[in-house]
Number of protein chains: 2
Amino acid sequence: MTNDQDQTSNPTAQPERFNQARAAQAVAILEDYAEMIGDLIEEMGEARITDIASRMGVTHPTATKAVARLKREGLAVSRPYRGVFLTEEGAALADRVRARHRTVVDLLVAVGVPLATAELDAEGLEHHVSDATLEAFDSFLAKSRKDQD
Amino acid sequence: MTNDQDQTSNPTAQPERFNQARAAQAVAILEDYAEMIGDLIEEMGEARITDIASRMGVTHPTATKAVARLKREGLAVSRPYRGVFLTEEGAALADRVRARHRTVVDLLVAVGVPLATAELDAEGLEHHVSDATLEAFDSFLAKSRKDQD
DNA sequence: TGGCAAGTAAAGCCAGGGCTACACTTCTGT
DNA sequence: ACAGAAGTGTAGCCCTGGCTTTACTTGCCA
C-alpha cells in the first residue's frame, strides 16, 4: 500500500483533481450570490445591496464587489442606486443551484444526517457536486422513495 | 412564501452557514497538503518540496508557501534543504483526512456514483463534511454493508 | 576538487474576497 | 423644501493562494 504504482491511488498523476476542486470553489461564491439575489427578487420584488450583504453575512462593499463580478460574468445587471437583477442566464443559474441544494440536502437526510446538519453542510458541499454525482443522487432518492411505499 | 418570517427558510438569520462554508474552505488546502505530505513520507521516507509541488499540481514556490503555513500552524516541521515532516498533530490530521476521504468516496459509491466520479468529487466535498455528517455516513455504510449480506 | 544540475528560497505580480472609512445619492419626514 | 437618515458606491488595505523570475544552497560526479 506504500507503492506508488498502485493503480487505484496512483499519486503521481493526480494534480487534476486538486485543480478541479480549486476551480469549483472559484464559482461557488458566484452561485451563492446568484441564488440569494433570485430569492430576494422573488420575495421582495428586488434585490438591494444592503439586503444581499446582510443575508450573506458580509458588509455592503463586499456584496457590491460580488455583484460587480456577477455583472462582469453576464449573470446580473444593475443601475447605480437601484436594485440588482438577474439576467436570464443568471436566473437559470440560480434555479439550478437551488435545485441542486435541495437534492443534496435530501440525499444527506436520506442517508441519516439530521436535517439541520444537512442544511448546514449542504451549503459547502453543493458547489462540489458534479452533474454525474447529482444524477446519481436523484436516482438514489427516487429509488429510496419508491422503496418506502 | 414571500414572508421573511417563514421558519423553514427564514433568510434573515442565515449568514452563519455561509461563514461556516467559507471557514471550511480556509483549512481545506492545509488538509490536502498535510495528507499529501503524509503519503510522501510513508512512500518515500520523506517529503520534498518538489514532490509535494508536482503532486499538488502547483509550482515549487506555491508549495513552499503552503508548507510555511503548515509550519506556522504547528502541523509540520522542516529544515532547509531537508525534507518536510509532519508533527504529531499534523500526522493525526493527515490520518483523519485520509479516513474521511475514504468514507466520502465509499458513500458516494454506495448511493450509485461511479468510482472515478466519486474519487474526483470527494476531493472537493470532503472538506465540507462535518463530523456529524461523517458519522451518519459511516452508519449508513455499515448498515448497507450488513444489508448486502 | 571544481562545476553543474537539482532543490530551495525570496521577491514581486495577480485576482479573489474580506474589511473600514469616507463620499455621495436617494428617500423621507417635518 | 430641505435636512438628516438610510442606502449605495469607491478607495485603499489585508490575507490567501496561485504564478514567474531570480538568486542562492547542496550535493554529486567527472
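Residues numbered from 1 in each chain as written. Chains lettered and ligands numbered in written order. Predicted model: local features only at pLDDT ≥ 70, side-chain atom pairs only at ≥ 80, totals over all residues. Heavy atoms only, no water.

Let's talk about the interface of chain A and chain B
Many analyses report the size of an interface as the accessible area lost when the parts associate. Let me state the cut-off plainly: Note on contacts: a residue pair is in contact if any heavy atoms of the two residues lie within 4.5 Å. Here's the idea: put two parts together, see how much 1.4 Å probe accessible area each one loses, and the total over both is what we call buried area. Throughout this description, the term salt bridge denotes a Lys or Arg side-chain nitrogen within 4 Å of a carboxyl oxygen of Asp or Glu. Polar contacts here mean pairs of N or O atoms no more than 3.5 Å apart (in protein, one a potential hydrogen donor and the other a potential acceptor; neighbouring residues in sequence count only if both atoms are side-chain atoms). Numbering of helices and strands runs from the N terminus; a helix is a DSSP stretch of H or I covering at least four residues, while a strand is a stretch of E covering at least two.
Taken residue by residue, the interface counts 43 residues in chain A and 44 residues in chain B. Together chain A and chain B conceal approximately 3,800 Å² of surface at their shared face, both sides included; 62% is due to carbon and sulfur atoms. Applying the counting criterion to the chain A and chain B interface returns zero salt bridges. For the interface between chain A and chain B, the tally reads five residue pairs in polar contact (both at pLDDT 80 or more). Counting residues per element, the ones that place at least two in the side of chain A that touches chain B are helix 1 (15-44), helix 2 (49-56), helix 4 (88-110), helix 5 (115-125) and helix 6 (131-148) of chain A.

Overview of the relation of the copies chain A and chain B
This is how the line gets drawn: Least-squares fitting of one copy onto the other uses the C-alpha atoms of those residues that reach a pLDDT of at least 70 in both copies.
Relative to chain B, chain A is turned by 180 degrees and slid 0.0 Å along the rotation axis, the superposed coordinates differing by an RMSD of 0.1 Å. The operation mapping one copy onto its partner corresponds to a two-fold rotation axis. Looking at the rotation axis and the C-alpha trace of chain A, the residue lying nearest is leucine 125 of chain A, at 2.7 Å. Of the residues that chain A buries at the interface, 100% are likewise interface residues in chain B, meaning the two copies contact each other through the same surface.

A closer look at the protein's contact with DNA strand D
Let me state the cut-off plainly: Each residue is tested against the molecule or strand, and it is near if at least one of its non-hydrogen atoms lies within 4 Å. When residue character is reported, Ala, Val, Leu, Ile, Met, Phe, Trp, Tyr, Cys and Pro are called nonpolar, Asp, Glu, Lys and Arg charged, and the others, Gly included, polar.
Residues in close proximity to DNA strand D total 20 residues, the closest being Thr50 of chain A together with Thr62, Lys65, Arg69 and Tyr81 of chain B. The sugar-phosphate backbone supplies 58% of the atoms of DNA strand D found within 4 Å of the protein. The separation between a sugar or linking oxygen of DNA strand D and a polar main-chain atom of tyrosine 81 of chain A is 3.4 Å. Backbone polar atom of threonine 59 of chain B to a phosphate oxygen of DNA strand D: 3.0 Å apart, as the coordinates give it. Elements with a minimum of two residues in the surface near DNA strand D: helix 2 and helix 3 (60-72) of chain A together with helix 1 (15-44) and helix 3 (60-72) of chain B. In terms of residue count, the dominant contributor to the surface near DNA strand D is helix 3 of chain B (five residues). Class assignment for the residues of the surface near DNA strand D results in ten nonpolar, five polar and five charged.

Focus: unusual backbone geometry
Residues and elements named next belong to chain A. Worth spelling out the cut-off: When accessible area is computed with a 1.4 Å probe and restricted to protein chains, residues below 20% of their type maximum are described as buried, those above 50% as exposed, and intermediate ones as partly exposed.
Residue tyrosine 81 is not a glycine yet carries a positive backbone phi of 65 degrees. Summarising the element assignment, tyrosine 81 is placed in the loop between strand 1 (76-78) and strand 2 (84-86). Residue tyrosine 81 is classed as exposed on the basis of its relative accessible area, which comes to 86%.

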